[in-house]
Each structure stands twice: as C-alpha cells, then as structure tokens.
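Architecture and fold: a report
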Amino acid sequence: MHVPDGIVPLWLQIILFVASGLAIAASIRIVNRRFDDRLVPYMGVLAAVIFAAQLVNFPIPPFSSGHLVGSTLLAVMVGPWVATLIMALVLFVQALYGDGGILTLGLNFFNMGVFSVFLGYGLGLLLYRGASRLMGKKKAVLLSAGVASFIVTVSAAFVLGIQLLTVVGFGQTALVAITSVHVLIGIGEALLTTLILLYFVKANPSLVSLIREDDSRESAYGQSQTSADEDVDAPSYPEHEKPLRPLVATAIVTIALVSLVILTGLASGNPDGFEWALFVFAGVPEAEGGFPGLWLTIGEGPVVDIVTGSIGILAVLGLGILVFRRASQESHNASPQTGKFLLPFAEGKRSPAPFSPAGMIIAAIVLAVIVTIQTSLLMLLILLAMILGTGTMSGTRWRRVISLATKFELIILFWLVLEPFLYGSTVMLTLHFPWGPVYAYWEGLMLGLAIGLRMFAILLVFLATLSHMTLSEFIGALKTLRVPTAILGSLLVMFRYVPLFIEERSRMQEAQLLRGYDRGKGLARLRSTGYLVGTTIDRAFDRSARVYESMTLRGFGKGMMISSVGFRRSDSLLPVLLFSLVMAIVFLLPPIMEAILL
C-alpha cells in the first residue's frame, strides 16, 4: 500500500498530509501526557519488528504478493496513540528507502497509520470484549486481533482504491481488483499478526494493551476510581530485568530471520497488491523522476538487501527508543521553562534529552551550517518545516522559543525591506521621489526573504537546542568543548544577572508610578528614565562587588566550579541523523520541485 510519488494528484496529497500531521500532533500530546519509561525498549523492538516484516513480501500465487502492515498488531499491543507514532517512524524510514514516496508520505501514513490503526483498535477491542466472555483472555486477544487485522486490510485497500479513482485510468473494475487481491493478503496479515502476538502473549501478557486495560478495569472494580488511570500503559516485569538484553537479542533475531528469508529466496519478487492492481491490472504507467531511495547507487542483490535492511532495522530501533524515551521523560520529568534567563533554558536537575548537551550543541552548529549554505527558498522552507516538526516530536516548547526568536524580527525585516532596493534586475515596484525614481527588484526581494529565513531558522535551531538543557548543563557543555573559563564565567553572570537587572528596573519604575511620581514629558521624561537606569546600574555594581567578594571567599577564581558534562553513547547517532538529513536534502529537492512545477 506504499503509494509512490507522481501517482495521485497533489491536492489529495496535501489534504492527507495535513490530516496526518494533525493525527501525529494529537498522538504526541496524548503520549507525552502519560507514558511509562518501562515501555521504552519495547517500543523500539516493535518498531524494528514491523519494519523488518514489511521488508519481506509473501507470495500471492500466481501474480502478486503482500507483506505485513502491522497496524492492527500495534494497536492491540500498545493502543492507538502509541501505534500511530510507531507507524510514523516506520513509514518515514521506508520513505527514505524509496518504499513509498516522499510527497505521498502523508497519504501512506493516513491509510496505514491513522485509518488502519484506529479501525484495528476499535474492531479488536469490540471483538475482544465479546470473545473474552466465551474463552480465556489470551485466546480472545489472538482471535480478535486476527479477525480485526483481516477486516482492516481489506477496508484499507478499499479506501486506497477510492483515493486512486483520482488517477486517470484507474476505474471501478480496478477498485474491485485491488480490494479482491487484498482479501488474500488479509489472510496472510491475520496469520502473521496472530503468530507475532502469540509470542508476546506467551512471554508477558501484560505487554498487550487489551489484556492490560482489561486487568486494570477488573482490579479497579469495587475500588476507588482515583487510581484507575495510573500506570495504565505500564507493563509488569521484574525490576531487576535489564531491558537492553531483550532489546539486543530481538534486534539480532529479527535481522537473522530477515536475512534467512532473503537468502533462501522465500521473499516474493512479484508486485504487491497495490502495484499489481494499479500498474498491471489498470495499466497506469509508472511515474518517472520520483525519489529512488538512499541506497540506489550501491546496486542490487541479496547481500545488499540484507545490509541495507539491517541498517534500516537498527535505525528504526534507535529512533523508536529515542522518541519514546523522550515521551516517558516528558511525562515524568517535565522541565518547565523559566523567564529568569536571557535564553530559554530549562529548569531542573537534569536534561530529559537523549543526547548530551555538548553533542546537541555540535549538532546545532552543523545544522546551522547546512541552513546557511542553502540558496533555494523552497529548500529553506523545507528545512524550517523539518526543524519545527523535529522540535515538536522532541517536546520543544515552541511558544517560549518563538517568542524569543521574534525579538530579532527587526533585523530579519531589515533584509526583507532593504534588499529589494539594493540588488536585482527585474523591477517589481517603482517609487517616485523629488530627486528621482527608486526601484525595487524581484531578485532582491527573494534574496532578502532567503536571508531572513536563514536567520530565523538558525535562531530556532539554537534556541530550541538550549531549551532542552539547563544553564549549568550549557556551561558544562561549553567547558567540554574547551571554551576558555573566563568566557564561561562571563556568560554565566550575563545570562543570570542581566534579566535581574531588567526585572529590578521594572520594579523600581512600577514603585515610582504607584507613589504618584510624574515622569514628565520630553526632556523631563528622558532625565527621569536616565536617573532610574543610573540608579539601577549603581545598585547592580554594588551588588556585583558583594557577590564577587563572597564567591572569592568560597574559592571562585581558583578553578571553574561547573564541571564538564561529557558526551553520551547516544551521541553517536547524531552524525547518522545529520547524514540522513543531508542525503534527504540532496534527493528530496528535485522530486518536490518537479511535483510543484507540474
């Protein structure tokens, strides 16, 4: 069901992209509100398993094939909101692999990550409640998930067929064909869903959302409802259990199984149900110029498939752990922003970010360089959208960040207003003055807009990065990066005491007004303001002298009192993510430009 670029109309892609974005935003909000950190390793494992299962097609003799989608499996396992985020991660990596288009990512996600997930959860829950009255919970969840996954597969194929009716050459007979072939694929989906779910039911039933919620309702029956919603998402496993061991073991077993299927030739090379119905049955020509995937240049073959597939499995595993670790820390250790610093530092004992502050600063610098070298206005908009999307997924408090970034609006608007009159050849506006005409050029407007967007994007990158660390972590990160101690001390004092200076001036001004002091007008008002500022500065110097004396008595000046924070092992993923971003920029721009121009 992975629709490539250049097939469906652009207006349909935009509509479903917006709908998918709203679904992801709602899922992030709900998951951040309540998520247990004990689930983090299993989220990565489930994402890796779904990605691996979608790599391998099972045959539908004699003309087609299919693969596990996993929407119902995830919905039954972890609930619809978490399942939506896992499907978003899986489909994003698959789009980078060329399995499904970049522009159609919203359409593909809507079909497999929104419609299929919520329909699968609703059907699975309804069937489970009925079946659990006739049989045990384990058998009931296996039966309900299998039946629901079959219905969801056929229903999603029908919805996709409705969407494909917007394609020239795809008619009602093709709609019947794509729905019919997915009846056979649905049987395979049901069998795989039942087999995978059987493992989790045997290993730990509390990991299955339907069973866990049912047990929670039973335990809450006849008791106070105040704790009914607590730890609903928490699986019960021994406290001494090391989550890293099953995680690594599952990754190795998953890669080994995928490699075995590929090497033994069990994976079908026939087109899947969507490709067969569209390109073979309906005869619609395949689109040209779409995104071919990151690995097109390294060739084809079983070994290449195993290597690239293994990289994708590990990438999805890592992304799943990072995203859901952030969600759990956001839920249990939210770091409120404070207005007492010049920059949007978080308050708290530790940073909830998965990377070290030093690693994030280096990544922010690299990303700022990438933004700086961009000359295409469209590419800058794409980068800005990626920054906002990534920041939203990582829990950035954009209200505080953007409010600080907009304080530089005069500098940004300066380029936008002035540059059109300084550069260009295509006149778009003529202003007549007594000394002669003044021309505004179209090229200058585009250049000013590009400069403004660069500055705004770079500001967002750095401010968003700093919002995920405390002031002490920031200073410690700079010390790790070998910034001189004298500069660190100056920054520490500046970030902390300049806001205090501003706050004290505001309090003194408010006190004057409350006492009926008339600041006057014109020159009198200027003298009044100067007296107020001068008094505040004098008091600030006096206070600084006392603070410095007390700090000296406590050993300040004999060595930096803030230690370096060092790097984390997870920082090794930052170069991979940045490399993926660069590759995406290189490969994404041509198809996006072509689609827009068409």
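Going along each chain's sequence as written, the residues are numbered from 1 onward. Given that the model is predicted, a residue must reach a pLDDT of at least 70 before its local features are reported, and side-chain atom pairs must reach 80 or more before they are shown or counted; all residues, however, enter totals for whole chains, interfaces and linings. The basis for the side-chain values is all heavy atoms of the structure; hydrogens and waters are excluded.

What follows covers the overall build of the chain. Put simply, DSSP marks the helices as runs of H or I at least four residues long and the strands as runs of E at least two long, and each gets a number from the N terminus on. What the chain contains, in helices and strands, is 20 helices and four strands. Scored against the burial criterion, the 598 residues of the chain give a buried share of 46%. In what follows, a contact means two residues having at least one pair of non-hydrogen atoms within 4.5 Å. A separation threshold of at least 6 residues defines the contact pool for the chain, and within that pool the share at least 24 residues apart is 79%. Summing over all exposed atoms, the chain offers an accessible surface of approximately 30100 Å²; the carbon and sulfur share of this is 67%. Throughout, exposure labels follow a simple rule: accessible area from a 1.4 Å probe, protein chains only, divided by the maximum for the residue type, with under 20% read as buried, over 50% as exposed, and the rest as partly exposed. Accessibility throughout is a Shrake-Rupley quantity obtained with a 1.4 Å probe, and a residue counts as covered only by protein chains that appear here.

Put simply, a nonpolar core is a bunch of buried Ala, Val, Leu, Ile, Met, Phe, Trp, Tyr and Cys residues held in one set by side-chain atoms that sit within 4.5 Å of each other. Residues Met43, Ile86, Met87, Val141, Leu164, Leu197 and Phe324 are the most contacted members of the largest nonpolar core, which totals 87 residues. It is helix 2 (residues 40-55) that provides the largest number of residues to this core, a total of 12 residues. Excluding residues within four positions of it along the chain, valine 141 makes contact with Val76, Tyr128, Leu197, Val201, Val208, Leu210 and Ile211. Core analysis: the second largest hydrophobic core is formed by 39 residues, Ala358, Leu367, Ala477 and Leu478 among them.

On to the environment of phenylalanine 63, then. Position of phenylalanine 63 relative to the elements: it lies in the loop between strand 1 (58-60) and strand 2 (64-66). The class of phenylalanine 63 is partly exposed, set by a relative accessible area of 33%. C-alpha of phenylalanine 63 to C-alpha of proline 271: the two residues are 208 residues apart in sequence and 7.6 Å apart in space. Excluding residues that lie within four positions of it along the chain, phenylalanine 63 makes contacts with Val181, Asn270, Pro271 and Trp276.

Two strands make a pair as long as DSSP finds a minimum of two bridges between them. With six bridges joining them, strand 3 (residues 427-433) and strand 4 (residues 436-441) adopt antiparallel strand pairing. Bridge pairing in strand 4 links valine 427 to tyrosine 441. A loop of two residues connects strand 3 with strand 4, the two strands running antiparallel in sequence.

Below, the discussion takes up the packing of aromatic side chains. Classification of ring pairs rests on two measures: the distance between centres of Phe, Tyr or Trp rings, Trp counted by its six-membered ring, which must be within 6.5 Å, and the angle between planes, read as stacked under 30 degrees, edge-to-face over 60 and tilted in between. The tally for this structure, following the rule as stated, stands at five aromatic pairs. Relative to phenylalanine 118, the ring of tryptophan 81 lies with its centre 5.1 Å away and its plane at 75°, an arrangement referred to as edge-to-face. Of this pair, tryptophan 81 sits in helix 4 (residues 80-96) while phenylalanine 118 sits in helix 5 (residues 105-131), placing them 37 residues apart in sequence. Taken together, a centroid distance of 5.2 Å and an interplanar angle of 75° make the contact between tyrosine 199 and phenylalanine 200 edge-to-face. Tyrosine 199 gets classed as exposed once you look at its relative accessible area, which sits at 54%.

The next subject is the environment of glutamate 409. With respect to the helices, strands and loops of the structure, glutamate 409 is situated in helix 15 (residues 409-418). In this structure, the C-alpha to C-alpha distance between glutamate 409 and phenylalanine 456, residues 47 residues apart in sequence, is 8.5 Å.

Positive phi is not limited to glycine here, since arginine 482 has a value of about 70°. Within the secondary structure, arginine 482 is located in the loop between helix 17 (471-480) and helix 18 (485-514).

Turning next to the packing of helix 2 against helix 3 (residues 71-78). Two elements in contact, helix 2 and helix 3, have axes separated by 11 Å at closest approach and are oriented at 165°. Of the possible angle classes, the one that applies to helix 2 and helix 3 is roughly antiparallel. Once helix 2 is placed against helix 3, the crossing between them reads as right-handed. For the pair helix 2 and helix 3, contact is made by Met43, Leu46 and Ile50 and by Leu73, Leu74, Met77 and Val78, respectively. Ten residues, namely Ala, Val, Leu, Ile, Met, Phe, Trp, Tyr, Cys and Pro, are considered nonpolar, four, namely Asp, Glu, Lys and Arg, are considered charged, and the remaining ones, Gly among them, are considered polar. Considered class by class, the residues forming the contact of helix 2 with helix 3 number seven nonpolar, no polar and no charged. Geometry is summarised by axes, namely lines fitted to C-alpha atoms with helices restricted to the contacting stretch, and by angles between N-to-C directions that run from 0 to 180 degrees. Here the angle decides the label: under 35 degrees means roughly parallel, over 145 means roughly antiparallel, 65 to 115 means roughly perpendicular, and every other value means oblique. For any pair of crossing helices, the crossing counts as left-handed if the nearer helix is rotated counterclockwise from the farther one by less than a right angle, and right-handed if it is rotated clockwise.

The next thing to look at is helix 7 (residues 172-203). The periodicity of an α-helix, 3.6 residues per turn, causes residues three or four positions apart to be oriented the same way. One less than the number of residues in a helix, times 1.5 Å, gives the span that helix is expected to have. When the terminal C-alpha atoms of helix 7 are compared, their 45 Å separation across 32 residues agrees well with the 46 Å that a helix rising 1.5 Å per residue should span. For a residue, the bend is simply the angle between two axes, fitted respectively to the seven-residue segment ending there and the seven-residue segment starting there. Where helix 7 bends most, the angle comes to about 30°, and this point is leucine 184.

Moving on, we come to the packing of helix 12 (residues 357-372) against helix 16 (residues 442-466). Packing of helix 12 against helix 16 leaves a shortest axis separation of 10 Å and a crossing angle of 170°. The angle between the axes of helix 12 and helix 16 places the two elements in the roughly antiparallel class. Along the contact surface, helix 12 presents Met360, Ile361, Ala364, Ile365, Leu367, Ala368, Val371 and Thr372, while helix 16 presents Arg454, Ala457, Ile458, Val461, Phe462 and Thr465. The residue makeup of the contact of helix 12 with helix 16, split by class, is 11 nonpolar, two polar and one charged.

On to the side chain of serine 116. Within the secondary structure, serine 116 sits in helix 5. When near neighbours in sequence (up to four residues on either side) are disregarded, serine 116 contacts Ser71, Thr72, Asn111, Val152 and Ala156.

Considering the arrangement of structural elements, one finds arginine 454 in helix 16. In this tally Asp and Glu are treated as negative and Lys and Arg as positive; neither His nor the chain ends contributes. A carboxyl oxygen of Asp or Glu within 4 Å of a side-chain nitrogen of Lys or Arg is what we treat as a salt bridge. Buried arginine 454, no salt bridge; nearest opposite-charge side chain is glutamate 419, N-O distance 9.5 Å. We call two N or O atoms a polar contact when they sit within 3.5 Å, provided that within protein one can donate a hydrogen and the other can accept it, with sequence-adjacent residues counted only if both atoms are side-chain atoms. A distance of 3.3 Å separates a polar atom in the side chain of arginine 454 from the backbone oxygen of threonine 372. In contact with arginine 454, not counting residues within four places along its chain, are Val371, Thr372, Gln374, Thr375 and Leu380.

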